[in-house]
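Geometric and topological summary
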Amino acid sequence: MGHIRAPAAEIDRLSPAIAAVVAATNQEEGCEHYSFARHLADPEMLIISERWASAEALAAHGKSPHLKAFNQAIAGATMHDVSVKAWDGSFWRTLVGG
């Protein structure tokens with residue numbers, strides 16, 4: 001999980017690059033979920049959600065050409081804060097739904 005905090009206009013400008021990396025990443029082997037979502041209460045916040053089948057799949061993602069292209073696209077962007085953290089837990093507990 002993670003987030004990017006940036007001016008709303010900057011997030012709008014980056015939308016094509018975000019859509020491209022999301023589409024390509026969701027096709028990667030071992031990617032179970034990858035998305036960016038605009039926070040409903042804070043237009044300057046993007047929420048990043050990822051789930052990978054293995055540490056190896058995540059490592060391969062880090063070397064993918066589409067992630068490198070995305071990182072180049074955001075390199076010059078004005079950002080206030082970026083944070084992405086991995087949880088390496090041993091179980092999932094369902095809180096709501098199936």
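**Quick look at helix H3 (residues 65–74)**
Buried within H3 are the following residues: Leu 67, Phe 70 and Ile 74. In a view along the axis of H3, the buried residues occupy a sector of 55°, so they form one face of it. Exposed residues on H3 whose side chains face more than 90 degrees from its buried face are Pro 65 and Gln 72. Close packing links the buried residues of H3 with helix H1 (8–25), strand E2 (31–38) and helix H2 (55–62).

**Considering the nonpolar core**
Membership of the largest hydrophobic core comes to 18 residues, with the highest contact counts inside it found for Ile 18, Val 21, Tyr 34, Phe 36 and Phe 70. For this core, the element with the highest residue contribution is H1, accounting for five residues. Aside from chain neighbours lying at most four places away, what touches Ile 18 is Ile 11, Phe 36, Leu 46 and Phe 70.

**Observations regarding the environment of Leu 58**
Structurally, Leu 58 is set in helix H2. On the basis of relative accessibility, which here comes to 34%, the residue Leu 58 falls in the partly exposed class. In sequence terms Leu 58 and Ala 17 are 41 residues apart; their C-alpha atoms lie 20 Å from each other.

**Observations concerning the pairing of strand E3 (residues 45–52)**
Regular strands place side chains that alternate from one sheet face to the opposite one. The sheet contact formed by strand E1 (residues 2–5) and E3 spans four bridges and is antiparallel. Among the inter-strand pairings, Arg 5 is bridged to a residue of E3, identified as Met 45. The pairing of E2 with E3 spans seven bridges and is classified as antiparallel. The residue of E3 that forms the bridge with His 33 is Arg 51. What sits between E2 and E3 in their antiparallel hairpin is a turn of six residues.

**Observations concerning the packing of aromatic side chains**
Applying the stated rule across the entire model yields three aromatic pairs. For the pair Phe 36 and Phe 70, a centre-to-centre distance of 5.7 Å together with 75° between the ring planes defines the contact as edge-to-face. A residue pair is termed long-range when its members are at least 10 positions apart, and Phe 36 in strand E2 and Phe 70 in helix H3 qualify at 34 residues. The same class applies to Phe 36 and to Phe 70, which are both buried.

**Comments concerning the sheet that holds E3**
Pairing within the open sheet is antiparallel, and its four strands lie in the order E2-E3-E1-E4. Lying at the two open borders of the sheet, with one neighbouring strand each, are E2 and strand E4 (81–84). Neighbouring strand axes in the sheet, compared pairwise and without regard to direction, differ in orientation by 15° on average.

Analysis parameters
- Residues numbered from 1 in each chain as written.
- Predicted model: local features only at pLDDT ≥ 70, side-chain atom pairs only at ≥ 80, totals over all residues.
- Heavy atoms only, no water.
- Buried < 20%, exposed > 50% of the residue type's maximum accessible area, 1.4 Å probe, protein only.
- Helix = DSSP H or I, 4+ residues; strand = E, 2+ residues; numbered from the N terminus.
- Arc of directions from axis to C-beta.
- Contact = heavy atoms within 4.5 Å.
- Core = buried A, V, L, I, M, F, W, Y, C linked by side-chain atoms within 4.5 Å.
- Pairing = 2+ DSSP bridges.
- Phe/Tyr/Trp six-rings, centres within 6.5 Å; stacked < 30°, edge-to-face > 60°.
- Axes fitted to C-alpha atoms, helices over the stretch in contact; angles between N-to-C directions.

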